[in-house]
Amino acid sequence: MQLRYNFRLYPGVGQRIALARAFGCARVVFNDALRVREEARTAGLPFVTSAKLSKNLTASKKTQERDWLGEVSSVVLQQSLRDLDTAYRNFFDSLQGKRPRMGAPRLKSKRDNRQSIRFTANAAWRITPSGKLRLPKIGDLKVKWSRALPSTPSTVTVIKDSAGRYFASFVVETDASQVLPETTPQTGIDLGLGHFAVLSDGRKIDSPRFLRRAEKRLKKAQRELSRKQKGSSNRGKARVKVARAHARVADARREFHHQLSTKLIRENQAIAVEDLCVKGLARTRLAKSVHDAGWSAFVSMLEYKAAKFGRSFHRIGRFEPTSQVCSQCGVKDSPKPLHIRVWECGACGAVLDRDINAAVNVAKAAGLAVSACGAQVRRAPVPAQRSETGTHPKQPTQLV
């Protein structure tokens, strides 16, 4: 499988200028190609092919208006055309129902939060013996290597985020050497807001709530930004300050997701989760808490890490009544509001924790052999039968 490894870049002043030039040229090529296809569609002409767009790019580099496109690597410009083809392909697939609905490709702006360029193998980029990333017409960039690459990367993407940070994203091929040895435990996971995750064995992982904890600092930075005059350099500095504050929150959340997902994958042979409708929950009054939890990113990490390390991953339907079915006897109870966290089964008399019971039902719905002992809080007193009520007669005393 293919994986991405991201590393922080620290370019110099001249290298930042060269990267800004490359970002701008890639953006202009993308917008020019998109404009050509839109004009052909408006005029009722056939769809302009990628080969035609590539010829137009070669011809435009020889003109006086676009001669500055030759100052950057030609691979960057060609990959920008490939990005446009991918955007159109995804748009057409969404119209046919092959993927979630998405809009048509749009023009890029220099004020976008994310700027990126991509270098393939034929761009003659390489990693120097001193550990620097050498890019054509940019130079040797200092890289903060946090770990070694498992194999030789095929492509590298240079990214600049809204906080002004630079990253290098490598695409590498991995084999089956990273498959973990088989283990016995299997678990189901119930995701929530009070607790981020509740496991079927009874463990509860608290929700860090990174955004809630950083709200005071974010509000202060946002107020300082709103007081700056539009178009001034101080407003640009304040904007970067706000972006960095949000980036710290996103980085902390991502690190929490990575650590927890890796731990669960290493401890369990099979994992089952519920397919939650995050978009629907994000339209409710719990929107901020739902986005702060980041369930979709966490489930995606579980899925690709399970494939990477040879584990089983199961996703059950969102309409499965996991919170209404007793995990002890399987009898379905009536729907319960969210404030009810512990409920008693009317059939078997078991007192169940709502979250742990749901996690056990998630595992059972996925066909996992898990123990339901953790779902029961305590055994409720079962009323005696009518024939057994009353005081038992005293037994006659026997003389010895």
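Notes on the packing of aromatic side chains
Argument step 1. Within the structure shown, the criterion is met by eleven aromatic pairs.
Argument step 2. Site record: aromatic cluster; members linked through ring pairs are Phe7, Trp125, Trp145 and Phe170.
Argument step 3. Taking the ring centre of Phe30 as reference, the NZ or CZ of Lys108 above it sits at 4.4 Å.
Argument step 4. One cation-aromatic arrangement involves Arg266 over Phe309; the distance from NZ or CZ to the ring centre is 5.5 Å.

Focus on the nonpolar core
Argument step 1. Among the nonpolar cores identified, the biggest contains 41 residues, and Ile117, Phe119, Leu133 and Leu135 are the most heavily contacted of them.
Argument step 2. At eleven residues, the largest contribution of residues to this core is made by helix α1 (residues 13–42).
Argument step 3. Residues contacting Leu135, with those up to four places away along its chain left out, are Phe119, Trp125, Leu141, Val156 and Val158.
Argument step 4. One finds Ala197, Phe256, Ala306 and Phe309 within the second-largest nonpolar core, a separate group that totals 28 residues.

Some thoughts on the packing of α1 against helix α3 (residues 74–95)
Argument step 1. Between α1 and α3, the shortest axis-to-axis distance is 9 Å and the interhelical angle comes to 45°. Put simply, α1 runs oblique to α3. The hand of the α1/α3 crossing is right-handed. Here Ala22, Cys25, Ala26, Val29, Phe30, Ala33, Leu34, Arg37 and Glu38 of α1 come into contact with α3, specifically with Val76, Leu77, Ser80, Leu81, Asp83, Leu84, Asp85 and Tyr88.
Argument step 2. A breakdown of the residues in the contact of α1 with α3 according to their chemical character gives twelve nonpolar, one polar and four charged.

Here we look at the confidence of the model for the protein chain
Argument step 1. With 92% of its residues at a pLDDT of at least 70, the protein chain reaches an overall mean of 87.
Argument step 2. Counted against residues more than four places away or in other chains, residues 372–397, with its pLDDT under 50, gives 26 contacts.

Definitions and cut-offs
Note that residues are indexed from 1 along each chain, following the sequence as it is written. Totals for whole chains, interfaces and linings use all residues, but because this is a predicted model, local features are given only for residues with pLDDT of at least 70 and pairs of side-chain atoms are given and counted only at 80 or more. No hydrogens and no water enter the side-chain calculation; it runs on all heavy atoms of the structure. A pair of aromatic rings is counted whenever rings of Phe, Tyr or Trp (Trp by its six-membered ring) have centres within 6.5 Å, and the orientation is called stacked for planes under 30 degrees apart, edge-to-face for over 60 and tilted otherwise. Comment: the charge-over-ring label is applied if NZ (Lys) or CZ (Arg) is within 6 Å of the ring centre and within 35 degrees of the ring normal. To define a nonpolar core, start from buried Ala, Val, Leu, Ile, Met, Phe, Trp, Tyr and Cys residues and group those joined through side-chain atoms within 4.5 Å. Exposed residues in this analysis have more than 50% of their type's maximum accessible area, buried residues have under 20%, and partly exposed residues fall in between, with area computed by a 1.4 Å probe over protein chains only. Numbering of helices and strands starts at the N terminus; helices are DSSP runs of H or I of at least 4 residues and strands are runs of E of at least 2. Contact between two residues is taken to exist if any of their heavy atoms lie within 4.5 Å; hydrogens are not considered. Angles run from 0 to 180 degrees between N-to-C directions of axes, and those axes are lines fitted to C-alpha atoms, restricted for helices to the stretch in contact. Note that the term roughly parallel is reserved for angles under 35 degrees, roughly antiparallel for angles over 145, roughly perpendicular for angles of 65 to 115, and oblique for everything else. Helix crossings fall into two classes, left-handed where the near helix is turned counterclockwise from the far one by less than a right angle and right-handed where it is turned clockwise. Nonpolar residues are Ala, Val, Leu, Ile, Met, Phe, Trp, Tyr, Cys and Pro. Charged residues are Asp, Glu, Lys and Arg, and all others, Gly as well, are polar. Per residue, pLDDT captures the predictor's confidence, and it can take any value from 0 to 100.

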